[in-house]
Amino acid sequence: MTMKYRIFAFLALTIGSLATSSFTTEIATVNADDKTYFKYLIHLNDKNGTPFSIDKPEAFLSAKAIERRKKQGAVIDETDLPVTPAYIEKIASVKNVKVLYASKWLNGVVVQVSHEYDVDPIEDFAFVKKVQLLGKYTKKEVEKDKKPAKDDFNEDAGESAKEVESVRIDLTDIMKRGYGRAYYQNRMINMLKVHDMGYYGEGMTIAVIDGGFKNYYRHRAFDSLRANNQIIGHRNFVNDDTTINNNGSHGMSVLSCIGANSPGIMIGTAPKASFWLLESEDAGSESSAEETNWARAAEFADSVGADIITSSLGYRDFDDDNLNYTYKDLNGKKALSTKAAALAAKKGIMVLIAAGNEGDGKKWKYINAPADADGILAVGGVDIDREHTNFSSLGPAYDNRVKPELCAQATNVYVTSPSNNFEMSQGTSFATPIMAGAVACLMQANPTKTTNEIIAALKQSGDHNHNPDNYYGNGIPDVFIAHSILNNNPYFDYTKEKLMNPAINDFTDRIFYRFYSPTAQDVTIMLTYKGGKKEKVVYNKVHTVAAQGYLQGDIPKVSKLKYGEYVLTLTTANGTVYTRKIERIEPRKGNYR
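The paragraphs below set out a description of the structure included in this document.

Analysis parameters
Residues numbered from 1 in each chain as written. Predicted model: local features only at pLDDT ≥ 70, side-chain atom pairs only at ≥ 80, totals over all residues. Heavy atoms only, no water. Helix = DSSP H or I, 4+ residues; strand = E, 2+ residues; numbered from the N terminus. Buried < 20%, exposed > 50% of the residue type's maximum accessible area, 1.4 Å probe, protein only. Contact = heavy atoms within 4.5 Å. Areas by Shrake-Rupley, 256 points an atom, 1.4 Å probe, with all protein chains shown as cover. Pairing = 2+ DSSP bridges. Axes fitted to C-alpha atoms, helices over the stretch in contact; angles between N-to-C directions. Salt bridge = Lys/Arg side-chain N within 4 Å of Asp/Glu carboxyl O. Phe/Tyr/Trp six-rings, centres within 6.5 Å; stacked < 30°, edge-to-face > 60°. Lys NZ or Arg CZ within 6 Å of the ring centre and 35° of its normal. Core = buried A, V, L, I, M, F, W, Y, C linked by side-chain atoms within 4.5 Å. Arc of directions from axis to C-beta.

1. Overview of the overall build of the protein
Here is step 1: Secondary structure summary: the protein contains 15 helices and 23 strands in total.
Here is step 2: Looking at the protein as a whole, 60% of its 593 residues are labelled buried.
Here is step 3: Put simply, 76% of the contacts in the protein that link residues at least 6 apart link residues at least 24 apart.
Here is step 4: Of the roughly 24500 Å² of accessible surface on the protein, 47% is carried by carbon and sulfur atoms.

Okay, structure coming up:
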């Protein structure tokens, strides 16, 4: 997950944006000769004098945004009101102050000035709560006669025989199902079964707040998205317009984890969902202004009625060390982006945020903002063997809330490349959209359920729900099980016991089990080594499972076991024996499994 993200937002469909956009012209002239400039967030005390009313939300919210609030039981309140226009006008009237935009959720106005003292008069206004420095910037000189970057896009791209062959490694139905190398990242959370049920995210709108979406408009992975008008729109917040900015391809790779639909090569977790692509990365600086920019993008997603926000962005370490966040600040209440993410969740939007890639850092190992927000899903990363990746950032939030909430595959993730091809990559940046697509399918399948109910079911289906921790949170969810939890439907018979084995029958360093029981009982789990001349019991323990509950966990010290064949048995209180034959194999070399 990268951290150089920045939003210069123009959100055309938000009434609050319309109220401020007229002030983005030179009402106040900032000295063009100055080589440096500053950005500030002007925090306001209230929204008094606003011409808008929460009793008439159609004046500042789209019909879909209003409908979502009704469906999710979210109350329309003062935070939904645009910033008071009179306050914006007053700030814009100050000499040498340029209003860039306003944020209704933060109830603030972002301004640009050439000198720090230019904002002094603003602090004296009665409606101003405080003035916060967002960052200091240096103007970049435009390079004359600079040659445009080489376009490495290949119109005739196609996977080579070697690439296709590397897909056919250990399961014959990989190619038959058409997932290609994305098979494993889908299978890990049981998306194959959800897709088989007919759920591909259709009817759900996902806002992808990220960096550059280079070549998304012509990459073959998104042919069906374009043909079916599933890409609703694109907003370039760097340039304040809707033009395409080939400012990197991170956002496009993120999109592919959800929306790619190239049968035989790559299928994402929700290829029939619709998308807003919200580009926010400037990459030229790292400042607190990125957080107000993120808030602005989230407000836009809300205004157009997005059901889901997925964002692989993080904020903590800035160019100005004085603005950096400490671990104590990650309490779900302080960071600007965290406040915005929490508000988005309160508006009924399902919000997914990447946990970060600093778990193995020497100076920092925790999640970043806005992953510390309450009411959202912070997504951590695991490898193809379902083990925590050393780079996936850790929890908890400073106030001891479990973070991350869930995990998905973050190594050997198959994504699009800007050259009209595909590649393997890694990072919680990709675990997050994989999960976002899964959530879209689950929401499609359960249209009457709230986001809170969806989150609870996903957590309950997680393979670490029995013991959430700072590495996995509730672990890797089984989306099919989550669907069953939400419905008590015929796909899962709650009157019968069931030993579930979501993984294939081999392992390297982990044996995970999940058992459902309709009645409270004690069960015995035994692991027997069959690879030698004599059988040897290496694990034997009695566990208690509650009525209509799940017993789930890991066999301890698996990494010390010999390679070879084993038998896992679970014996119930009435003597029923469930058996699984498994094998511990040596780790495969290379990038693919």
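2. Some points on the sheet that holds strand β13 (residues 406-409)
Here is step 1: Spatial strand order, β6-β9-β5-β10-β11-β12-β13: seven strands in an open sheet with parallel pairing. Strand pairing shows two members of the sheet lacking a second neighbour, β6 (231-236) and β13, which therefore form its edges. If you compare each strand with its neighbour and ignore which way they point, the axes differ by 25° on average.
Here is step 2: Inspection of the sheet shows β6 paired to strand β9 (residues 274-279) by five bridges, in the parallel sense. Within β9, the position partnered with Gly233 by the bridge is Trp276.

3. Overview of the pattern of salt bridges
Here is step 1: Counted under the stated rule, the structure contains 13 salt bridges.
Here is step 2: The partner of Lys347 in a salt bridge is Asp77, and the shortest N-O contact between them spans 3.2 Å. Highlighted residues: Lys347 in the loop between α12 (336-346) and β11 (350-354) and Asp77 in the loop between α2 (63-72) and α3 (85-92), separated in sequence by 270 residues.
Here is step 3: Its relative accessible area of 2% is what places Lys347 among the buried residues.
Here is step 4: Among the residues examined, Asp77 registers a relative accessible area of 30% and is labelled partly exposed.
Here is step 5: The closest approach of N and O atoms between Glu405 and Lys403, which form a salt bridge, is 2.8 Å. This pair shows no difference in class: Glu405 is buried, exactly as Lys403 is.
Here is step 6: One salt-bridge network, in which partners are shared between bridges, spans Arg68, Arg69, Asp77, Asp80, Asp302 and Lys347.

4. Side note on the packing of aromatic side chains
Here is step 1: One pass over the structure, following the stated rule, counts 17 aromatic pairs.
Here is step 2: Both rings, one in Phe52 and one in Phe60, keep their centres 6.0 Å apart while their planes meet at 75°; by these two values the pair is edge-to-face. We note that Phe52, like Phe60, is buried.
Here is step 3: The interplanar angle of 80° and the centroid separation of 6.3 Å between the aromatic rings of Tyr179 and Tyr183 together place this pair among those described as edge-to-face. Across this residue pair, the class does not change: Tyr179 and Tyr183 are buried.
Here is step 4: Grouped by ring-pair contacts, the aromatic residues Tyr327, Trp364, Tyr366 and Tyr398 constitute a single cluster.
Here is step 5: For the cation-ring pair, Lys39 lies above Tyr137, with the distance from its terminal atom to the ring centre recorded as 5.0 Å.

5. Topic: the nonpolar core
Side chains that are nonpolar tend, in soluble globular proteins, to be buried together.
Here is step 1: Counting 68 residues, the largest nonpolar core has Phe275, Met350, Leu352 and Val439 as the members making the most contacts within it.
Here is step 2: For this core, the element with the most residues is helix α13 (residues 428-445), which contributes eleven residues.
Here is step 3: In this structure, Phe275 is in contact with Ile206, Val208, Leu225, Gln230, Ile231, Ile232, Gly233, Leu255, Ile258, Gly259 and Ala270, ignoring residues within four places of it in sequence.
Here is step 4: Residues Phe237, Ala298, Leu336 and Ala355 belong to the second largest nonpolar core, which totals 49 residues.

6. Thoughts on unusual backbone geometry
Here is step 1: With omega at 5°, the peptide bond leading from Ala369 into Pro370 counts as cis.
Here is step 2: Along the chain, Pro370 turns up in the loop between β11 and β12 (377-382).
Here is step 3: Across the junction of Gly395 and Pro396, the peptide omega takes the value 0°, indicating a cis bond.
Here is step 4: In this fold, Pro396 is placed in the loop between β12 and β13.
Here is step 5: Non-glycine residue Asn400 carries a positive phi angle of around 75°.
Here is step 6: Its place among the elements puts Asn400 in the loop between β12 and β13.
Here is step 7: Phi angles above zero are rare outside glycine, and Lys557 is one such case at about 55°.

7. A few points about α2
Here is step 1: If you check which residues of α2 are buried, you get Ala65, Ile66, Arg68, Arg69 and Gln72. Projected down its long axis, α2 shows its buried positions confined to an angular sector of 160°, all on one face. Opposite the packed face of α2, turned more than 90 degrees from it, sit the exposed residues Ala63 and Lys70.
Here is step 2: If you follow the buried residues of α2, they end up packed against α11 (289-303) and α14 (451-461).
Here is step 3: Once α2 ends, the next one or two residues include Gly73, with phi positive near 70°.

8. Details of α3
Here is step 1: Buried residues of α3: Pro85, Tyr87, Ile88, Ile91 and Ala92, and no others. Around the axis of α3, the buried residues are gathered within 160° of arc, so they sit on the same side.

9. What to know about the environment of Thr411
Here is step 1: Relative to the elements of secondary structure, Thr411 occurs in the loop between β13 and β14 (413-417).
Here is step 2: What makes Thr411 buried here is its relative accessible area of 14%.
Here is step 3: C-alpha of Thr411 to C-alpha of Thr389: the two residues are 22 residues apart in sequence and 7.7 Å apart in space.
Here is step 4: Residues within four places of Thr411 in sequence aside, it is in contact with Val382, Asp383, Ile384, Thr389, Phe391, Ser425 and Gln426.

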